[in-house]
Amino acid sequence: MFASCADPSSLEGLAWLACYLTNGKHLLFYGSFGTVLLLLAVTAPVSLAFGFAGAMASRSRFLPLAWAGKIYTSVVRGVPDIVFFLFFVIALDQGIEWLRHQALCPGWTEPVRQGSDFIVCPEAKMPLSTAPQTVHEIYNFSLAVVTFAIVFGAFAANVLYGAMNAVPRAQLETAHAYGMNDRQTFWRILVPQMWVYALPGLGNLWMILIKATPLLFLLGVRDIVYWARELGGSKTAIYAYPHPDWRLYYFLFLLVFYLAFTRVSEIVFERLSRKLSHGQATAAGEAQRRQA
Amino acid sequence: MKRLILSTAALALTTGFAMAQDVVRMGTEGAYPPYNFINDSGEVDGFEREVGDELCKRAELTCEWVTNDWDSIIPNLTSGNYDTIIAGMSITDERDQVIDFTQPYFPPDPSIYVAASEDVDLEGGVVAAQTGTIQASHVASTGATLVEFATPDETVAAVRNGEVDAALADKGFLLPIANAESDLYVVSDDVYLGDGIGVGVRESDAELKEKLDAAITSMKEDGSLNTLIEKWFEGMKGPY
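What you are looking at is a predicted structure, and each value in this text was computed from that prediction instead of being measured.

1. So, the nonpolar core
Core analysis: the biggest nonpolar cluster contains 109 residues, and Phe29(A), Phe148(A), Phe47(B) and Tyr105(B) have the highest contact counts within it. With 14 residues, the top contributor of residues to this core is helix H5 (residues 133-166) of chain A.

2. Looking at the pattern of salt bridges
Residue and element names in this part refer to chain B. Under the criterion given, the structure shown has 19 salt bridges over all chains. Between Lys231 and Glu50 there is a salt bridge, with its nearest N and O atoms 2.6 Å apart. In this pair, Lys231 is assigned in helix H9 (residues 224-232) and Glu50 in helix H2 (residues 47-58), connecting sequence segments 181 residues apart. Given the relative accessible area of 53%, Lys231 is considered exposed. The class of Glu50 is partly exposed, set by a relative accessible area of 25%. For the salt bridge of Asp222 with Arg58, the shortest nitrogen-to-oxygen distance reads 3.0 Å. Of this pair, Asp222 sits in the loop between helix H8 (206-221) and H9 while Arg58 sits in helix H2, and the two are 164 residues apart along the sequence. We classify Asp222 as partly exposed; its relative accessible area is 47%. The partly exposed category is assigned to Arg58, whose relative accessible area is 29%. Among the ionic contacts, a cluster of salt bridges with common partners joins Glu54, Lys57, Arg58 and Asp222.

3. A short note on the sheet that holds strand S3 (residues 36-38) of chain B
Residues and elements named next belong to chain B. Within the open sheet, the 3 strands sit side by side as S2-S3-S4. Their pairing is antiparallel. Every other strand in the sheet has two partners, leaving strand S2 (31-32) and strand S4 (44-45) as the edge strands with one partner each. One ladder, built from 2 bridges, connects S2 with S3; its direction is antiparallel. Within S3, the position partnered with Ala31 by the bridge is Phe37.

4. A few points about the packing of helix H2 (residues 24-59) of chain A against helix H3 (residues 63-78) of chain A
All names here are of chain A. Running from N to C, H2 and H3 point in directions that differ by 135°, and their axes come no closer than 7 Å. The angle between H2 and H3 falls in the class oblique. The two elements H2 and H3 cross, and the hand of that crossing is left-handed. Every residue of H3 that contacts H2 at Phe50, Gly54, Ala57 and Ser58 is listed here: Leu65, Ala66, Gly69, Lys70 and Tyr72. A class-by-class count of the residues in the contact of H2 with H3 yields 5 nonpolar, 3 polar and 1 charged.

5. A short note on the domain arrangement of chain A
All names here are of chain A. The domain architecture assigned to chain A consists of domain 1 (34-222) and domain 2 (226-292). Taken together, the contacts link 17 residues of domain 1 with 16 residues of domain 2. Between domain 1 and domain 2 the total buried area reaches about 1,500 Å² when both faces are included, carbon and sulfur atoms providing 78% of it. Of all residues in domain 1, Val196, Leu199 and Arg222 give up the largest surface area on contact with domain 2, accounting jointly for 35% of the area buried on that side. Between the two partners, domain 1 and domain 2, sit 0 salt bridges. The tally of links from domain 1 across to domain 2 stands at 1 residue pair in polar contact (both at pLDDT 80 or more). Every element with two or more residues in the side of domain 1 that touches domain 2 is listed here: H2 and helix H7 (182-211). Of the residues forming the side of domain 1 that touches domain 2, the biggest block, 11 residues, is contributed by H7.

Parameters and conventions
Residues numbered from 1 in each chain as written. Chains lettered and ligands numbered in written order. Predicted model: local features only at pLDDT ≥ 70, side-chain atom pairs only at ≥ 80, totals over all residues. Heavy atoms only, no water. Core = buried A, V, L, I, M, F, W, Y, C linked by side-chain atoms within 4.5 Å. Buried < 20%, exposed > 50% of the residue type's maximum accessible area, 1.4 Å probe, protein only. Helix = DSSP H or I, 4+ residues; strand = E, 2+ residues; numbered from the N terminus. Salt bridge = Lys/Arg side-chain N within 4 Å of Asp/Glu carboxyl O. Pairing = 2+ DSSP bridges. Axes fitted to C-alpha atoms, helices over the stretch in contact; angles between N-to-C directions. Parallel < 35°, antiparallel > 145°, perpendicular 65-115°, else oblique. Left-handed = near helix turned anticlockwise from the far one by under 90°. Contact = heavy atoms within 4.5 Å. Nonpolar A, V, L, I, M, F, W, Y, C, P; charged D, E, K, R; others polar. Domains from an automatic or database assignment. Buried area = accessible area lost by both parts, 1.4 Å probe. Polar contact = N/O pair within 3.5 Å; in protein donor to acceptor, adjacent residues only side chain to side chain.

Right, dumping it as structure tokens:
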């Protein structure tokens, strides 16, 4: 990065360290923090949406929909994450390519499955093999978001389903007595009150999601844990900056990052919970009323 | 007029194919120096990077390098996320059932055991190897207790902190480490495993395999492959 870094073997002490910490590989490491934060920022709302849809489906009076919701939550929660990330993603990718294959290459006669190989016409490749590497990375990242959303959506659906059932029955009956229909009762009475019951469960899920990002490397997205392991591993003289096994320091750095991040999340959740309890018929809401 | 449309369509089709075929995505692990590793500027580097680039030049292909986790490197090849595996992968019968290999561009892998002391029991002790490698299956067949790690680097770390008695890995990878560190010893002669290292391609990709085979042959004939092997593997004579 700096001009003085051209020949690392001649450097010593702090100058060496400054060059080492700003080489291309470290810049990628710093960038991967952005990747992880972006993933969390996108995945959290999407999985919440999945969870909400799942919980609504499970509560539905229309039986097939209720079954669909319940099957989704129980099957996905039961499958180990790593299986999901190894096989589901490949299946999803192949499914997309198969659909494109059907649409784009009607004249293709060779079978798509040949032994263990999966072959679609070149135009159906997703993304096209001619696309630049960044497009491939964005595509992999999107696959990761979808997979994370499906997995965590199932857990969120279960939390929200429980929260919806925890809202006192009397509230709903009163709403009906005032002449609200089912839809109005759901959106005006049930949904605003359920969040305070859902919050502890959703908080837990968020904490688990923060720590689940190393699964990203299975999809070819290089996250902070991948880079820490790669950078920290002992480097022989083949590298420009040889050093012994420094993984301990890199992982300590990650530990600090994760602890700080989870601490900030905790504070945010605490505030949110205080805000949501305001005016609620719960013990916390009651305590706030007495204090005021 | 009709003919004109037809021939333009044919032209568009062929150029489309040519374009799509020309980029070959090279899958590697990026964690196995000197075969392949991520260098300090974050790019794939090493013996296989140079061999791969030269092969692509000779076969007139445009190549792009991709890294992938070792555990899922074969499934991602067969499902078409990249077109070759060039990651120090030895040719074995087990793998040959799922994918195809070109002729070897590196001789049967000499592997060595490295340990923290000079008197260890390699047959009855605890030995580390990377998951899903020929070394791992070799350790399992010797009667020693096998401990598997996701990366080769972790096998060395396990030796050093006493978790295992010894580690088995490619000589090209272990020897520089054992030479650089005073607390690690080479405790065996060369163990030859597998049928050499080849480029892995999908079984249905006969055309690409042929092109790469031809390019490897030409590199063997003019001695450039030997030069690369001697450059990256200290003290090794080019065998071709």
